[in-house]
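Spelled out from the first residue to the last, the chains are:
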Amino acid sequence: MSTVISVEHLSKTYRLGQIGTGTFTNDLKVWWAKMRGKPNPLLRIGETDPLLTAKSAKAAKEELNLGALSGLRGSKNREDDNTIWALKDISFTVEQGEVLGIIGRNGAGKSTLLKILSRVTAPTSGKIKVKGRVASLLEVGTGFHPELTGRENIYLNGAILGMNRREIDRKFDEIVDFAEVEKFIDTPVKRYSSGMYVRLAFAVAAHLEPEILVVDEVLAVGDADFQKKCLGKMGDVAKKGRTVLFVSHNMGAVQNLCRRGIWLNNGHLAEDGLVIDAVSSYLNSKTIQQGLDISSRTDRKGIGKVHFEKVEFLNKFGQQINSIMSGTELCIRVYYNAPCDQHFQNARFSIAVEKNGISYFVASTEMTEKNNIKILGSGWIDCQIPKLPLASGNYGLTLFCEAGGAIQDWLENAVILPVDGGDFFGTGRIAPASHEGKYVLVEHKWDNYAKYGTSDA
């Protein structure tokens, strides 16, 4: 395998605020006036030049001589509040035939990185080397001319990729069939819906045999069936020895398609390795809520001597998380409040996992060895699930406590458990949400802690 993409110490900065006057001629007039220490010739009557009022003309000239274009490209020697680092000191390589997933929050620098690799924008500093033809799908209709028909745009994009007419002719029917726009192929693309636009754009980018295929989040525009078809096509492209760079917020799709993942965080390369590790680190890095407070909920049943207060989700390392991947270890920690003089010998706790009115499974203390829970005042109880058997989606948790022969607290849909798709079966493939079953039996165990005494059962 040979290296097709090499990125060395890549950085990109932007300056906030208005840049330039709108025309190159006016920019030159302003620059020449400032070089001579003169006021801005484009200012309206009564306006003042903020640069010249804050500094002398000599100081302004010295700053311009140090780098007249520093405001456009970002200054290496000086940073201020108006300088934004979209990328900072990024280095990595990509081998031929590799499928690389790039993940991170909005604003992390993912799209900026792809634009630089696609030669859409230039870096502020650093080096990139790209070997081979690059087909980019960075936004809906990238490279399309709205006045041209779908047919004409296919040939235009092929020519941009360096293909001759005979090569495009050979692929034309396959592109149209994949995009499902045969009836509209001679219609100007400006009249296409966003879904039609992205279907044709992806079909062109994937079928015209680029050495490197770059795909941003645009597949979110298509419907579920088309997204599945696109993922399959990208897999086929990779099997033919071509390279794919894939950006998505769908962690299931990233894990399904990619073996390697890069996690960008605030413009920095936070992790580069196996995609499962990069995704796990990214998900665990999300801003953690300090427990889900349910103490003020009034839509509950029971006599209330034991009162549910808060819920936390923990990963296998005991760290608080906001969401969990299918097939990974989860601990649901439920805090309860009970007066210190309230002692119960055989309390029963349960958690029902539900969605759309269907109960997927119930975890209960009476089904495990921890079936004689003691309540000695306030405390918490942990439900530990070693391998979460849920596909991606949001699930409601209903909490239940019975003690002293009576229902103490019963709170339906107390909190929402967000689940991200994961490799539950260990096959390298992510089960889609449509594969959810109506009933699930799950292995689990319980443990508890009492604030006002020992909790030995």
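Residues numbered from 1 in each chain as written. Predicted model: local features only at pLDDT ≥ 70, side-chain atom pairs only at ≥ 80, totals over all residues. Heavy atoms only, no water.

Novice: I would appreciate a short explanation of the pairing of strand β7 (residues 243-247) in the present structure.
Specialist: Within a regular strand, the side chains alternate between the two sheet faces. The buried count for β7 comes to five of five residues, which makes it a mostly enclosed element. Side chains T243, L245 and V247 project from β7 onto one buried face, and the interleaved V244 and F246 project onto a second face that is buried too. Of the strand pairs in this sheet, strand β3 (residues 99-103) and β7 are connected by four bridges, and their pairing is parallel. Directly across from G101, in β7, lies its bridge partner F246. (Buried < 20%, exposed > 50% of the residue type's maximum accessible area, 1.4 Å probe, protein only. Helix = DSSP H or I, 4+ residues; strand = E, 2+ residues; numbered from the N terminus. Pairing = 2+ DSSP bridges.)

Novice: How should I be thinking about the packing of helix α6 (residues 150-160) against helix α7 (residues 165-179) in this particular structure?
Specialist: When two helices pack together, you describe them by how their axes are tilted relative to each other and by the distance separating the axes. For the pair α6 and α7, the least separation of the axes is 10 Å and the interaxial angle reads 130°. The orientation of α6 relative to α7 falls into the category oblique. The crossing of α6 and α7 is right-handed. Mapping the contact onto sequence places R151, I154, Y155, G158 and A159 in α6 and R165, I168, D169, F172, I175 and V176 in α7. Classifying every residue of the contact of α6 with α7 by side-chain character gives seven nonpolar, one polar and three charged. (Axes fitted to C-alpha atoms, helices over the stretch in contact; angles between N-to-C directions. Parallel < 35°, antiparallel > 145°, perpendicular 65-115°, else oblique. Left-handed = near helix turned anticlockwise from the far one by under 90°. Contact = heavy atoms within 4.5 Å. Nonpolar A, V, L, I, M, F, W, Y, C, P; charged D, E, K, R; others polar.)

Novice: Looking at this model, I keep getting lost on the environment of R333. Mind explaining?
Specialist: Tracing the backbone through its elements, the reader meets R333 in strand β14 (residues 330-337). Classification of R333 as buried rests on a relative accessible area of 18%. Here the alpha-carbon distance between R333 and L314, two residues 19 residues apart in the chain, equals 7.5 Å. Residue contacts for R333: discarding those within four places in its chain leaves K310, V311, E312, L314, W380, I381 and D382. A distance of 2.8 Å separates the side chain of R333 from the side chain of D382, its partner in a polar contact. (Polar contact = N/O pair within 3.5 Å; in protein donor to acceptor, adjacent residues only side chain to side chain.)

Novice: Sorry, what's going on with the pattern of salt bridges here?
Specialist: Where charged atoms from two side chains of opposite charge come close, those side chains can pair. Under the definition given, this model contains 13 salt bridges. Across the pair D409 and R300 runs a salt bridge whose closest N-O atoms are separated by 2.6 Å. One end of the pair, D409, is in strand β20 (residues 406-420); the other, R300, is in the loop between β10 (292-293) and β11 (307-314), with 109 residues separating them in the sequence. Look at D409 and you get buried, because its relative accessible area is 1%. For R333, the salt bridge identified is with D382, shortest N-O distance 2.8 Å. In this pair, R333 is assigned in strand β14 and D382 in strand β18 (residues 379-385), connecting sequence segments 49 residues apart. Accessibility classification places R333 together with D382 in one group, the buried group. (Salt bridge = Lys/Arg side-chain N within 4 Å of Asp/Glu carboxyl O.)

Novice: For this particular structure, what's the right way to read the packing of aromatic side chains?
Specialist: Within a pair of aromatic rings, the relevant descriptors are the distance that separates the centres and the angle that separates the planes. One pass over the full model with this rule turns up 10 aromatic pairs. K229 extends its terminal NZ or CZ atom over the ring of F178, reaching a point 4.7 Å from the ring centre. The positively charged end of K301 is found above the aromatic ring belonging to W410, 4.7 Å away from the centroid. (Phe/Tyr/Trp six-rings, centres within 6.5 Å; stacked < 30°, edge-to-face > 60°. Lys NZ or Arg CZ within 6 Å of the ring centre and 35° of its normal.)

Novice: Would you take a moment to explain empty space enclosed by the protein for this structure?
Specialist: Rolled over the atoms, a probe with the dimensions of a water molecule shows which regions are left empty. Applying the stated rule across the entire model yields one cavity of 30 Å³ or more. Empty space within the largest cavity amounts to approximately 30 Å³. Taken together, F308, V334, F349, S350, I351, I381, L399, F400 and W446 form the lining of the largest cavity. At the level of elements, β15 (343-355) and β19 (393-403) are the ones that each hand at least two residues to the lining of the largest cavity. For the lining of the largest cavity, the element with the highest residue contribution is β15, accounting for three residues. Of the residues contributing to the lining of the largest cavity, the split by class is eight nonpolar, one polar and no charged. (1 Å grid on protein atoms, 1.4 Å probe; cavity = no way out; pocket = protein on both sides within 12 Å on 5 of 7 lines; lining within 4 Å. Points joined across faces, edges and corners; volume = space filled by probe spheres on them.)

Novice: Which parts of the structure should I look at to understand the sheet that holds β7?
Specialist: The strands that make up a sheet are held in pairs by hydrogen bonds between backbone atoms, and each pair lies either parallel or antiparallel. Spatially, six strands are ordered β5-β6-β7-β3-β8-β9 in an open sheet, and the strand pairing comes out mixed. If you trace the sheet from one side to the other, it starts and ends with β5 (134-137) and β9 (268-274), each paired once. With strand direction ignored, the average angle separating the axes of adjacent strands in the sheet is 15°. In this sheet, strand β8 (residues 260-265) lies alongside β3 in parallel orientation, the contact comprising four bridges. In the sheet register, I103 faces β8, and the bridge partner there is W263.

Novice: Would you mind showing me how to read the pairing of β15 here?
Specialist: The pairing of β15 with strand β17 (residues 373-376) spans three bridges and is classified as antiparallel. The residue of β17 that forms the bridge with H343 is L376. As judged from the seven bridges shared by β15 and β19, these two strands associate in the antiparallel manner. When the bridges of β19 are listed, V353 appears paired with L397. Sheet topology note: the β15/strand β16 (residues 358-364) ladder contains six bridges and is antiparallel. Among the inter-strand pairings, K355 is bridged to a residue of β16, identified as I358. Linking β15 back to β16 in an antiparallel pair, the connection comprises two residues, with N356 at a positive phi of about 55°.

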